[in-house]
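Commentary on secondary and tertiary structure
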Amino acid sequence: MMCLEAARLAPSACNSQPWKFVVVDDRQLKNRLCRAAFSGIYSVNSFCKMAPVIVVIVSEKPKFLAKIGGMFRGTKYYLIDIGIASEHFVLQAEELGLGTCWIGWFNERAVKSILNIPQGKKIDILIALGYYDREKLGSEHGREPMDKIASFNSY
Ligand SMILES: Cc1cc2nc3c(=O)[nH]c(=O)nc-3n(C[C@H](O)[C@H](O)[C@H](O)COP(=O)(O)O)c2cc1C
């Protein structure tokens, strides 16, 4: 609930809040979901079945103004919005000593049919939630150096 509250408080373009977080914590349902979502070409992510919770973020319709503004600007504000809200979720989980993994590669159709999500809706991202295996956690995250990703006053 703390993770969901952190997500709920996230900012969004025109305060659209274009998201619904569907938390799958029923063990049997979660296992069924993982089998369907991560089979075939998606099986690289079948490790998710070890996580006790899968969070499905349904991208909901943004407010008209955010959509029109996004079309005008050639951007999709709703994707930025769900990115921010989901990262709020992830950071709160981290604060609580939990582990997460963003999952963008999954069988969307299967997820929708198992969770009664209308096929017309979009699911852009899932979050696997659980506890890290501390023994397997590396300290190196392979990030680009500071001078490559940031500059001051000029590109
Ligand atoms: C939008 C997005 C989608 C991702 N999809 C997957 C995924 O499908 N499977 C997976 O194992 N990791 C996925 N990740 C996790 C990234 O691979 C991971 O964050 C990155 O490799 C850096 O690793 P680190 O966070 O452990 O430092 C995704 C991350 C993001 C932000």
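The notes below deal with the structure included here.

Calculation criteria
- Residues numbered from 1 in each chain as written.
- Predicted model: local features only at pLDDT ≥ 70, side-chain atom pairs only at ≥ 80, totals over all residues.
- Heavy atoms only, no water.
- Helix = DSSP H or I, 4+ residues; strand = E, 2+ residues; numbered from the N terminus.
- Buried < 20%, exposed > 50% of the residue type's maximum accessible area, 1.4 Å probe, protein only.
- Contact = heavy atoms within 4.5 Å.
- Areas by Shrake-Rupley, 256 points an atom, 1.4 Å probe, with all protein chains shown as cover.
- Lys, Arg positive; Asp, Glu negative; His and termini not counted.
- Charge placed at Lys NZ, Arg CZ, Asp CG, Glu CD.
- Near = heavy atom within 4 Å.
- Polar contact = N/O pair within 3.5 Å; in protein donor to acceptor, adjacent residues only side chain to side chain.
- Nonpolar A, V, L, I, M, F, W, Y, C, P; charged D, E, K, R; others polar.
- Patch = residues over 30% accessible without salt bridge, like charges linked within 9 Å, V, L, I, M, F, W, Y side chains within 5 Å.
- Salt bridge = Lys/Arg side-chain N within 4 Å of Asp/Glu carboxyl O.
- Pairing = 2+ DSSP bridges.
- Axes fitted to C-alpha atoms, helices over the stretch in contact; angles between N-to-C directions.

**Digging into the overall build of the chain**
- When helices and strands are counted, the chain shows six helices and four strands.
- Each helix (α) and strand (β) of the chain, taken in turn from the N terminus, gives the series α-β-α-β-α-α-β-α-β-α.
- Along the first, second and third principal axes, the C-alpha set of the chain runs to 50 × 40 × 35 Å.
- In the chain, buried positions account for 36% of the 155 residues.
- For the chain, the proportion of contacts with a sequence separation of at least 24, taken over those separated by at least 6, is 74%.
- Accessible area of the chain: about 10,500 Å², with a carbon and sulfur share of 57%.
- Of the side chains in the chain, 20 bear a positive and 15 a negative charge, and the two mean positions are spaced by 11 Å.

**Examining the site of the ligand**
- The ligand sits among Asn45, Phe47, Cys101, Trp102, Ile103, Gly104, Trp105, Ile125, His141 and Arg143.
- Between the ligand and the protein, one listed contact pairs a nitrogen atom with a backbone N or O atom of Trp102 at 3.1 Å.
- The contact in question runs from an oxygen atom of the ligand to an N or O atom on the side chain of His141, over 2.5 Å.
- Looking at the shell around the ligand, the element that brings in the most residues is strand E3 (residues 99-103), giving three residues.
- Its residues assigned to classes, the shell around the ligand comprises six nonpolar, three polar and one charged.

**Regarding the environment of Asp124**
- Along the chain, Asp124 falls in strand E4 (residues 122-130).
- With 18 residues separating them in the primary sequence, Asp124 and Phe106 have C-alpha atoms 9.4 Å apart.
- With sequence-adjacent residues up to four places away left out, Asp124 is seen in contact with Ile57, Ser59, Tyr78, Leu79, Ile82, Gly104 and Phe106.
- One polar contact links Asp124 to Tyr78, side chain to side chain, over a distance of 3.4 Å.

**Side note on a nonpolar patch on the surface**
- Judged by side-chain polarity, Ile41, Val44 and Trp105 come together as a nonpolar surface patch covering roughly 350 Å² of accessible area.
- Within the secondary structure, Trp105 sits in the loop between E3 and helix H5 (108-114).

**Section: the sheet that holds strand E1 (residues 19-24)**
- Pairing in this open sheet of four strands is antiparallel, and the strands run E1-E2-E4-E3 from one edge to the other. Edge positions in the sheet fall to E1 and E3, since each of these pairs with one other strand and no more. Here the strands of the sheet are splayed against their neighbours by 20° on average, with no regard to which way each runs.
- The pairing of E1 with strand E2 (residues 53-59) spans six bridges and is classified as antiparallel. Residue pairing for E2: Val24 is matched across the bridge by Ile54.
- The sheet contacts of helix H2 (residues 27-37) involve E1 and E2, and relative to E2 the element is tilted by about 65°.
- Packing against the sheet, helix H4 (residues 77-95) makes contact with E1, E2, E3 and E4, and its axis sits at approximately 5° to E4.

**As for the pattern of salt bridges**
- Across all of its chains, the model carries seven salt bridges by this definition.
- Linking Arg8 and Glu5 is a salt bridge whose minimum nitrogen-to-oxygen distance equals 2.8 Å. In this pair, Arg8 and Glu5 are both assigned in helix H1 (residues 2-8), three residues apart and thus about one turn of the helix distant.

**Focus: unusual backbone geometry**
- For Gln17, which is not glycine, the phi dihedral falls at a positive 50°.
- Secondary-structure assignment places Gln17 in the loop between H1 and E1.
- Although it is not a glycine, Asn153 adopts a positive phi angle of roughly 70°.
- In this fold, Asn153 is placed in the segment after helix H6 (146-149).

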